[in-house]
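Breakdown of the fold
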Amino acid sequence: MAAKEQQQHGVILDQDQFCCSICLDLLKEPVTIQCGHSYCRGCIEICWDQEEEKKKKGFYSCPQCRKSFTPRPVFYKTNMLAEVVEKLKKTDGQEAAPSAALAHAGPADVACDFCTGSRPNKASMSCLTCMASYCASHLQPHYSIPVLQRHKLVSATAPLQDKICSKHDKLMEIYCKTDRMCLCYLCTIDEHKHHNTVSAAAERGEEEKQLVASQHKVQQRAQEREGEVKELSQAVEDLKCSAQTAVQACEKIFSELISSFQRRCSEVKQRIRDQEQTAVDKAGNMLLQLKEEIAKLRRRDTELEQLSHDADHIHFIQAFQSLCSPCESVDLSVVVYPLRYFRDVSDSVSDLRIKLERILKDTWPGICSTVSTVDVLLPPEPTTRTDFLTYCCPLTFDVNSAHRYLSLSKDNRRVTKTSTETVYPLHSDRFIRVSQVLCREGLSRRCYWEVKWDVARTLSVAVSYKNISRMSGSSEFGSNAQSWSLQHSLNGYCFRHNNAETKVSGHCSYKVGVYLDYQAGTLAFYDVSGTMTLLHKVQTTFTQPVYPGLGLTSYGDCRHPNSAELMKLW
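Taking an unreviewed UniProt entry as the reference, the protein chain is identified by name as Tripartite motif-containing protein 16-like belonging to Myripristis murdjan.

Structure (structure tokens):
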């Protein structure tokens, strides 16, 4: 609105052109000196009063252009300029508007020591020579007066009182390395007399080196974190893509399974209907033939009944010979099935359902466990058995890998060392030289399982790559680079890998837990007979999925067969 009124009067006034260069406010009682610069009467008088008191040279200079005057000029009010300033004040609706650069000091700010009133301005600089803080308005003499220009100014970031020694009321310009604190020069004479002291500037130089080093570490850490952020963000995107792909793949697989079951359902229903029609048609043909034969026999019976009442002896004899001849009949063998019919079909389909439900029951926990282990961030290492059990996975022995002197239970979770051979079909995965067996499941994530055995002179709890040798003597778990084995014997535990043996201390029990962190390359064995106790832990790098395995190299006696079992934890 003010600009609009000024335009109507044909002139646009810039308020900054009518501000005093000393106080930075609109001119108050404006006066103009011989060089043409204008100031507030009070500001220029204070400025020259300080200059006269300190220099006592009898000449005075303009704070802006530095032009000197002798003697001290006499001020006269510039009436026209005063009228313009008054109009500016009225136009802006304020009597004494502060400069836009000034702001009132807040609770956390350093206040100007020269501002009067209840709301002093915020100090921009502090003078370590004057021991005072100044706002931009009151700081102007330090820039314009030569003697003040030599004062040491610092940013008013903290109250000056924090830089003053509370005991001697002096500026703390010295740093005590002994007590790690700032102090004034008088403190070095008293209680810090024999301490290692340096100037605050020197200490700052030393600490600036540390600051640079710290800054470098911070920047390096920030870069590392930025890299981690980028990596994590990419991992989240990859996880989302992987999840979407997995959902689509699972949906497709289950849809195909449903379609397959629907086709099989339609097929078996059609087969039942076709077989029903075939059997009905066959039985219908048989019924027609039987009914035709029955009709013939009825007619013959009627003829014979009539003949029995015939009184003509000659006709009786002649007709009887023709009627007594056998009736033409098809040799029909009628044997009806017992009353079951398609019940066997229903029973077969019911058996299929039971088998599928059993397969689903056995494999579903593994699927759920696999899903639950997928994450962007690797969770912390488990510490309690409850934590470990969250990574349990269903395991079963692979019958195609079992040595011929090993016998597997029906559910393929228990293996027994026998003194007689078990008849197994030939298979390339079967161990020939060593009595051991691998599981069917290959592991490439976090997994936990437990093995329990009864009596064993020597037993190996192991993990192995699929490509471990099956024929040679070096196929024993732990005697090659493809397997890692914890062996239990009467002498205690030992760990073996690549034919190197490490003695393992610990209480010999008959129950061991195995924890695998494939990504971290961690393999750990625990005694779980009581509380979980770490027996041995190895750090390596796995390059292939690993398969749990067991080795039984002695069979004991007939009363106590040597056997071991994969515990069902799921």
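The rest of the description comes next.
What follows deals with the overall build of the protein chain. Counting secondary structure elements, the protein chain contains nine helices and 23 strands. Per-residue burial for the protein chain yields a buried fraction of 31% across its 570 residues. A separation threshold of at least 6 residues defines the contact pool for the protein chain, and within that pool the share at least 24 residues apart is 55%. Surface exposure of the protein chain reaches about 36600 Å², of which carbon and sulfur atoms provide 54%.

Before going further, it helps to spend a moment on the packing of aromatic side chains. In this structure the tally under the stated criterion is twelve aromatic pairs. Relative to tyrosine 134, the ring of phenylalanine 114 lies with its centre 4.9 Å away and its plane at 15°, an arrangement referred to as stacked. With a gap of 20 residues between them, phenylalanine 114 in the loop between α3 (79-91) and β5 (125-127) and tyrosine 134 in strand β6 (residues 132-134) connect regions that are remote in the sequence. Using a relative accessible area of 5% as the deciding quantity, one classes tyrosine 134 as buried. With 5.6 Å between their ring centres and 15° between their planes, tyrosine 518 and phenylalanine 542 make a pair best called stacked. On the criterion of sequence distance, the pair formed by tyrosine 518 in the loop between β19 (511-517) and β20 (522-527) and phenylalanine 542 in the loop between β21 (533-539) and β22 (546-552) is long-range, its members being 24 residues apart. For the pair shown, tyrosine 518 and phenylalanine 542 are each scored as buried. An aromatic cluster is built from Phe388, Tyr391, Tyr448, Tyr515 and Tyr526, whose rings are joined through pairwise contacts.

Another aspect to go through is unusual backbone geometry. For methionine 131, which is not glycine, the phi dihedral falls at a positive 60°. Looking at the secondary structure, you find methionine 131 in the loop between β5 and β6. In this structure, asparagine 412 takes a positive phi of about 60° despite not being glycine. Structurally, asparagine 412 can be placed in the loop between β11 (406-408) and β12 (414-417).

In this section: the sheet that holds strand β9 (residues 181-183). Spatially, the three strands line up as an open sheet ordered β9-β8-β10, and their pairing is antiparallel. Edge positions in the sheet fall to β9 and β10 (197-199), since each of these pairs with one other strand and no more. Taken over all neighbouring pairs, the strand axes of this sheet differ in orientation by 35° on average, direction set aside. In this structure, strand β8 (residues 174-176) lies alongside β9, joined through three bridges in antiparallel fashion. Opposite tyrosine 175, over in β9, you have cysteine 182 as the bridge partner. Lying over the sheet, helix α6 (residues 200-308) contacts β8 and β10, oriented at roughly 90° with respect to β10.

Its 109 residues give α6 an end-to-end C-alpha distance of 154 Å, which sits within 8% of 162 Å, the value for a rise of 1.5 Å per residue. Next to the buried residues of α6 lie β8, β10 and α7 (313-323).

This paragraph deals with empty space enclosed by the protein. Sizing a probe to match a water molecule and rolling it over the atoms shows the empty space that remains. Inspection of every chain in the model, using the stated rule, returns two cavities of 30 Å³ or more. Space inside the largest cavity adds up to approximately 40 Å³. If you trace the largest cavity, you find it lined by Cys393, Leu395, Trp449, Glu450, Leu566, Met567 and Trp570. Counted by class, the lining of the largest cavity contains six nonpolar, no polar and one charged residues.

Looking now at the pairing of strand β18 (residues 500-504). Side-chain direction in a regular strand flips from residue to residue, so the side chains alternate between the two faces of the sheet. Of the strand pairs in this sheet, strand β17 (residues 492-497) and β18 are connected by five bridges, and their pairing is antiparallel. Residue tyrosine 493 lies in a different strand from β18, and its bridge partner there is valine 504. The antiparallel hairpin formed by β17 and β18 contains two residues in its connecting segment, where asparagine 498 sits at a positive phi of about 55°.

Attention shifts here to the sheet that holds strand β23 (residues 563-566). Within the open sheet, the seven strands sit side by side as β11-β12-β23-β14-β19-β20-β21. Their pairing is antiparallel. The open sheet terminates on both sides in strands that have one partner only, identified here as β11 and β21. Going across the sheet, the axis of each strand differs from the next one's by a mean of 20°, ignoring polarity.

Attention now goes to a nonpolar patch on the surface. A grouping of Ile253, Phe254, Leu257, Ile258, Phe261, Leu352, Leu356, Ile359, Leu360, Trp364, Ile367 and Val371 is seen on the molecular surface, where their side chains present a nonpolar patch of about 1100 Å² in accessible area. Tracing the chain through its elements places valine 371 in helix α8 (residues 343-372).

Here we take up the side chain of serine 144. Along the chain, serine 144 turns up in helix α4 (residues 136-144). Setting aside anything within four residues of it in sequence, one finds serine 144 in contact with Pro63, Arg66 and Gln149.

Under the counting rule described, the total for this entry stands at 20 salt bridges. Across the pair glutamate 203 and lysine 177 runs a salt bridge, and its minimum N-O distance is 2.8 Å. In this pair, glutamate 203 is assigned in helix α6 and lysine 177 in the loop between β8 and β9, connecting sequence segments 26 residues apart. In this structure glutamate 203 comes out as buried when scored by relative accessible area, which is 9%. Classification of lysine 177 as partly exposed rests on a relative accessible area of 33%. In this structure, the salt-bridge partner of glutamate 206 is lysine 209, at a minimum N-O distance of 4.0 Å. Residue glutamate 206 and its partner lysine 209 are located together in helix α6, separated by three residues, close to a single helical turn. Residue classification places glutamate 206 among the partly exposed positions, given a relative accessible area of 40%. Under the relative-accessibility criterion, lysine 209 is labelled exposed at 57%.

Residues Val415, Trp449, Leu523 and Leu550 are the most contacted members of the largest nonpolar core, which totals 38 residues. Apart from residues lying up to four places away in sequence, leucine 523 is in contact with Val463, Trp484, Val514, Tyr515, Leu516, His536, Lys537, Val538 and Phe542. Listed in part, the 23 residues of the second largest apolar core include Ile33, Trp48, Tyr60 and Leu88.

Here serine 38 lies in strand β2 (residues 38-40). Setting aside its immediate chain neighbours within four residues, serine 38 contacts Leu27, Val31, Thr32, Gln64 and Leu81.

Basis of the calculations
Numbers given for residues are sequential positions, taken from 1 along each chain in its written order. For this predicted model, a pLDDT threshold of at least 70 governs which residues receive local features, and a threshold of 80 or more governs which side-chain atom pairs are given and counted, while totals over whole chains, interfaces and linings are taken from all residues. Each side-chain value is derived from all of the structure's non-hydrogen atoms; neither hydrogens nor water enter the calculation. For the purposes of this entry, the term helix denotes a DSSP run of H or I that reaches at least four residues, the term strand denotes a run of E that reaches at least two, and both are numbered from the N terminus. Relative accessible area decides the class of each residue, using a 1.4 Å probe on protein chains only: under 20% of the type maximum gives buried, over 50% gives exposed, and in between gives partly exposed. Note on definitions: a residue-residue contact is assigned when non-hydrogen atoms from the two residues lie within 4.5 Å. Accessible areas in this description were obtained via Shrake-Rupley with a 1.4 Å probe; residue shielding takes into account the shown protein chains only. Each Phe, Tyr or Trp ring (for Trp, its six-membered ring) is paired with any other whose centre lies within 6.5 Å, and the angle between the two planes then decides the class: stacked below 30 degrees, edge-to-face above 60, tilted in between. Each pair of strands is called paired provided DSSP finds at least two bridges between the two strands. Axis lines are fitted to C-alpha atoms, over the contacting stretch for helices. Their N-to-C directions set the angle, which ranges from 0 to 180 degrees. A helix's residues, less one, multiplied by 1.5 Å, set its expected span. Whether a set of points on the 1 Å grid over the protein atoms alone is a cavity depends on a 1.4 Å probe fitting there but being unable to get out, while an open set qualifies as a pocket with protein on both sides within 12 Å along at least five of seven lines; lining residues are those with an atom within 4 Å of a point. Grid points are joined across faces, edges and corners, and a volume is the space filled by probe spheres set on the points. Residues are grouped as follows: Ala, Val, Leu, Ile, Met, Phe, Trp, Tyr, Cys and Pro are nonpolar; Asp, Glu, Lys and Arg are charged; all remaining types, including Gly, are polar. For patch building, the residue pool is restricted to those with more than 30% relative accessible area and no salt bridge; the joining distance is 9 Å between like charges and 5 Å between nonpolar side chains (Val, Leu, Ile, Met, Phe, Trp, Tyr). For salt bridges, the criterion is a side-chain nitrogen of Lys or Arg within 4 Å of an Asp or Glu carboxyl oxygen. For the purposes of this section, nonpolar cores are sets of buried Ala, Val, Leu, Ile, Met, Phe, Trp, Tyr and Cys residues that join through side-chain atoms within 4.5 Å.

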